Amino acid sequence: MYKQIFFVLTLLLSIGLFGQKSTITTEEILVRGNCGMCKDNIENAVKKESSAEGTWNVKTKVLKLSFDAKKTNLDKIMRRVTAAGYDNQLYTADDKDYRNLADCCQYDRVTAWDNIENSEGTHFDGQAEAPQEVATITSNQVKAITKSSDFKEQILVRGNCSMCKETIETAVSKEATAKGTWNIQTKVLELDFDESKTSLDKIMRRVAAAGYDNQLYTADDKDYNNLPDCCLYDRVTAWDNIENSKGTHVDGEATPEQKNVADSNTESEEDEDYSWLNEDAISLANVSAVGNKAATALDGKSAGLTFNIDSKELLKAACCNLSESFETNATVDVNYANAVTGTKQIKMLGLDQKYTLITKELLPEIRGLASAYGMNFIPGRWVQGIQLTKGGSTVTNGYESISGQINTELFKTHDKNKTSLNFFGDTNSRIEGNIVHADTINGKWAHSFLAHANATIDRQDSNDDGFMDQPIGKQLNATYLLNYNDLDNSGIGTHFGISFIDDHRTAGQVDFVEDYHKLGTEKYGVGIDISRFQVWNKTGYVFKDKPYQSLGWMNQYTYHEQKSFFGTTPYNGIQRSIYSNLIFESILGSTLHKYKAGASFLHDQYDEVYQVNDYKRTETVPGAFFEYTYTGDKLTAVLGSRVDFHNLAGTQFTPRANLKYVLFPKTTLRASAGRGFRTANVFSEAQSFLASNRTVEIIDGGGDIYGLDPEIAWNYGISLHQEFRIFGNKSNIIADYFITDFENQILPDLDQSTKKILFYNMEGKSYARAFQIQWDFEPVKRLEARLAYKNYQTQGDYLSGAKDLPFTPEHRGFMNLAYNTWIKANGSQWSFDTTLQYVGEQRIPNTSTNPVEFQTPDYADSYFLLNAQIARQFNKTLRVYLGAENILGYTQDNPIIDVQNPFGEYFDGGMVWAPIMPGSVYLGLDIEF
């Protein structure tokens, strides 16, 4: 640290002294990086400063600078380099900027500066100590092979990127005395060789054998197809028009063609570069699809165990809404919650969805009255990316995260207009359509319009029990996003959004008609009408000449109304919420030490009616937080705490810590610990069991929330991440173990009586232990495999004693295989995906007091689920996909207890642990233009 300070002071003093004699100053400084693309990025960043020029050496990592001291200085130049994603001796790059670099540019951040020469990852053969400058030549000047005074020969070679550059230049160097420099944009290969030892013909045969077409030879198709995806260049464009041809990408940007083919819906670097909202936490994470980047990837730089899931992952399955977005993900479990309403919810770390903080655009989303059906309100085709964190997340996002956080980012853009249409239908009579339109208004303003409609039409009853297998109904869903980005000039960026949802569902007996049978005893039915409105804004300011210092303010208003009935039982609720979060971010001395401080405010107004009883309450929660982040060579630590003054739950202190330590270059250890609390919404959270004869009963525990206390838990986790190569390809194994211990838990007790849903303070020993090991690897080229095993040990302290939590298997297995053919020049590609899941035995609530014919076993049988999909990308515009779900056809026998007597005392549609619907087939169409 002192050496760095001394070094900086020395450089600044030198600038002052020599500036008196000459305004032109030269400096040398170390900058981390790997390759030719890094060289382009770093030198282009330097040029953004007036009068500044720089030459960076791939091997030595030395950046040689020349600039006019009257117009700029070393500090400003190195801030530019840092903003481009490159650590240097003055500043450490933001993790988000580093992650946005191309895969080949993900340099080693651990090696000490003294040993940085040729550090791990360096790959640029033939780099000279002082690289020659490449002449700027257009393709119109090189219509044929020409002579040059500076080079022996110049010739055009097709290619896309820095990896192509490295391969072409390496191929040239295999010929005796031959040296070559290839320009990514102009496609000109400049050659120097001894004509007595080799020839142009021999050299270009070498280049063609490496897979690259040139003006002398066309590469063999086999050699071309063996190139990485990002190197599959355009083979169609005429030589006269080859400059910057389709596929060319420099400075780490994905090509438009790659984005279209992968349908990754990614943003540019400027799309929403709000460091005041996203750093170190669940972030906006502008995931770039460059090369064969994994659709789901561990965030290697995050202190927490965070996974970035981009839209490519969501294309592997039907993925009609957020609950279905995790069917190809090993971390999140999708559960079937009710045999009448068809509700699906998720679980993480063996705990119900309510213990996971679910946000949209980093704003609170699925909570309160939305907890039962909210996962259906985010269409899969709207999602640009998902960030998933296991364990306690950052304190800046609130206090409700116990088992983890899931943040969803909607599609938005700042640099590329897009309109996409999606149509979907399946054999279960579900149809839907999606529209995503995004375009730029001008250089600073952009907007997006997202629309969704779905309907389930047919009253299907595959098991002939007289009840519909799934609800019928419809949903209309629309969102408008407006973005302003002037961070580089005024330092201001803002994001505005507004959304509306109208959802109506009808379930129950096949011949139930709502207009005639509602709340009557002739036919059993369920009706659920939900209206939801949201408006939000996120505005930030980055301080001038201080890119590390910013101020952000997030605000949101939500109105949620549900009108519903379950047989003869009505349940209605209204929730009005106001959320505000103010965050200030800066550094302590250097960018190695960062901090965030801020204040938040949450106001929830609930008005619920269950049967004939009114339940009204208002929760007001002002709070404050502070979070410190240290980023060292091996250790990253995020330490935070917050205090919240809850008008009903009292003053709550929430500390959290996340640590990451690099044991070895490919081995990373993470640990986390933290506290969280939440207030239960017993009626909303019990809706899975309301389609039954059971009635909700609350045992007053002296609290102010339905007579109950807040739920409070501590979560501890540890994980080990190991990278290695197998079958010649990258491979990752992640093993993690999390413990959640509750000081107080509130769960629906279904064991005490088959006629009641009891809620009370579980102040005893309630816990969840979750172990998972996951292996991602590529057994053959373009075949991605993911294997996982999970073990859950869960227990609740019920009135009748400690018991395993119901509907939670102890053992789960997971396998996903994804194969993609090579992307052809026109963007066409085949994709094949399949997912197999094993669900082990799980405890079923006690029904021993029922007559024998209405009793269930203590434990449900284990079973397998198999889904598969085939997709054909015809070109950059059209994609068709065909899939099947529950191919093995496993369904739960008699999912409804006493189904023949729905108004009797033993009727129960909540004892569900397996699929109800038989196997189905779906067909979808994506159009983008």
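Conventions we followed
All chains use their own residue numbering, which begins from 1 and follows the written sequence. Totals for whole chains, interfaces and linings use all residues, but because this is a predicted model, local features are given only for residues with pLDDT of at least 70 and pairs of side-chain atoms are given and counted only at 80 or more. Just so you know, side-chain values use all the structure's heavy atoms and leave hydrogens and water out. UniProt positions are given in the numbering used here, feature names are shortened, and annotations may be inferred rather than shown by experiment. Here, any two strands with at least 2 DSSP bridges between them count as paired. Only DSSP runs of H or I with at least four residues qualify as helices, and only runs of E with at least two residues qualify as strands; both kinds are numbered from the N terminus onward. Think of a polar contact as two N or O atoms within 3.5 Å of one another; within protein, one of them needs to be a possible hydrogen donor and the other a possible acceptor, and neighboring residues in sequence only count if both atoms come from side chains. Contacts are residue-level and defined by heavy atoms, with any inter-residue pair within 4.5 Å sufficient. Each Phe, Tyr or Trp ring, with Trp reduced to its six-membered ring, pairs with another whose centre is within 6.5 Å; inter-plane angles below 30 degrees give stacked pairs, above 60 give edge-to-face pairs, and intermediate values give tilted ones. Relative accessibility under 20% of the residue-type maximum defines a buried residue, over 50% an exposed one, and the middle range a partly exposed one, all with a 1.4 Å probe and only protein chains included. For a lysine, the NZ atom is tested; for an arginine, the CZ atom; a charge sits over a ring if that atom is within 6 Å of the ring centre and within 35 degrees of the ring normal. Within this document, salt bridges are pairs made up of a side-chain nitrogen of Lys or Arg and a carboxyl oxygen of Asp or Glu, the two lying within 4 Å of each other. Inter-axis angles, ranging from 0 to 180 degrees, are taken between N-to-C directions of lines fitted to C-alpha atoms, where helices are fitted over the stretch in contact.

If you check an unreviewed UniProt entry, the protein chain appears there as TonB-dependent receptor from Profundicola chukchiensis. Per its UniProt entry, the protein chain bears the Subcellular location (unreviewed entry) comment "Cell outer membrane".

Further remarks concern the sheet that holds strand β12 (residues 356-360). Strand order in the open sheet formed by six strands is β7-β8-β14-β15-β12-β13, and the pairing between neighbours is mixed. This sheet does not close on itself; its edge strands, each paired only once, are β7 (296-298) and β13 (363-364). When strand β8 (residues 305-310) meets strand β14 (residues 383-390), the two strands line up antiparallel, connected through six bridges. Residue pairing across strands places Asp-310 opposite Gly-385, the latter belonging to β14.

Along the chain, Thr-808 falls in the loop between β35 (801-803) and β36 (811-820). In terms of polar contacts, Thr-808 uses its side chain to reach the side chain of Lys-347, at 2.9 Å. Ignoring anything within four residues of it in the chain, the contact list for Thr-808 reads Lys-347, Gly-350, Tyr-792, Thr-794 and Gln-842.

Moving on, we get to the pairing of strand β27 (residues 650-664). Every regular strand shows the same layout, with side chains that alternate between the two sheet faces. Relative to β27, strand β26 (residues 635-646) runs antiparallel, the two sharing 12 bridges. By the bridge assignment for β27, Gly-640 is matched with Arg-656. What sits between β26 and β27 in their antiparallel hairpin is a turn of three residues. Of the pairings in the sheet, the one linking β27 to strand β28 (residues 667-678) comprises eight bridges and is antiparallel in character. Counterpart to Leu-659 in the pairing with β28 is Ala-671. In sequence, β27 turns back onto β28 through a hairpin of two residues.

For the structure on display, the rule yields 31 aromatic pairs. A ring pair is formed by Tyr-541 and Phe-543, whose centres lie 5.1 Å apart and whose planes are at 65 degrees; its orientation type is edge-to-face. When its relative accessible area of 30% is taken as the criterion, Tyr-541 is described as partly exposed. Members of the aromatic cluster, joined through ring pairs, are Tyr-541, Phe-543, Phe-584, Tyr-595 and Phe-626. Of note, Arg-32 hangs over the ring of Trp-113, and the distance from its end group to the ring centre comes to 4.2 Å.

Here we take up the pattern of salt bridges. Tallied over the entire structure, the rule returns 46 salt bridges. Residue Arg-505 pairs with Asp-503 through a salt bridge whose shortest N-O separation is 3.3 Å. Put simply, Asp-751 and Arg-843 hold a salt bridge, and the shortest N to O gap is 2.9 Å. Of this pair, Asp-751 sits in the loop between β31 (729-744) and β32 (756-759) while Arg-843 sits in strand β38 (residues 842-843); the two residues are 92 residues apart in sequence, bridging distant segments of the chain. Taking the relative accessible area as the measure of exposure, Asp-751 reaches 8% and is therefore buried. In this structure, a network of salt bridges that share partners links the residues Glu-313, Lys-316, Asp-776 and Arg-786.

Strand order in the open sheet made by the three strands is β1-β3-β2, with antiparallel pairing throughout. The open sheet has two edge strands with one neighbour each: β1 (24-30) and β2 (53-56). Neighbour to neighbour, the strand axes of the sheet diverge by 15 degrees on average, direction disregarded. Looking at chain direction, β1 and strand β3 (residues 62-68) are connected through seven bridges and run antiparallel. Considered in β3, the bridge of Ile-24 is made with Asp-68. Each of β2 and β3 touches helix α2 (residues 36-47); the most contacted strand, β2, lies at about 160 degrees to it. Docked against the sheet, helix α3 (residues 74-83) engages β1 and β3, running at close to 130 degrees with respect to β3.

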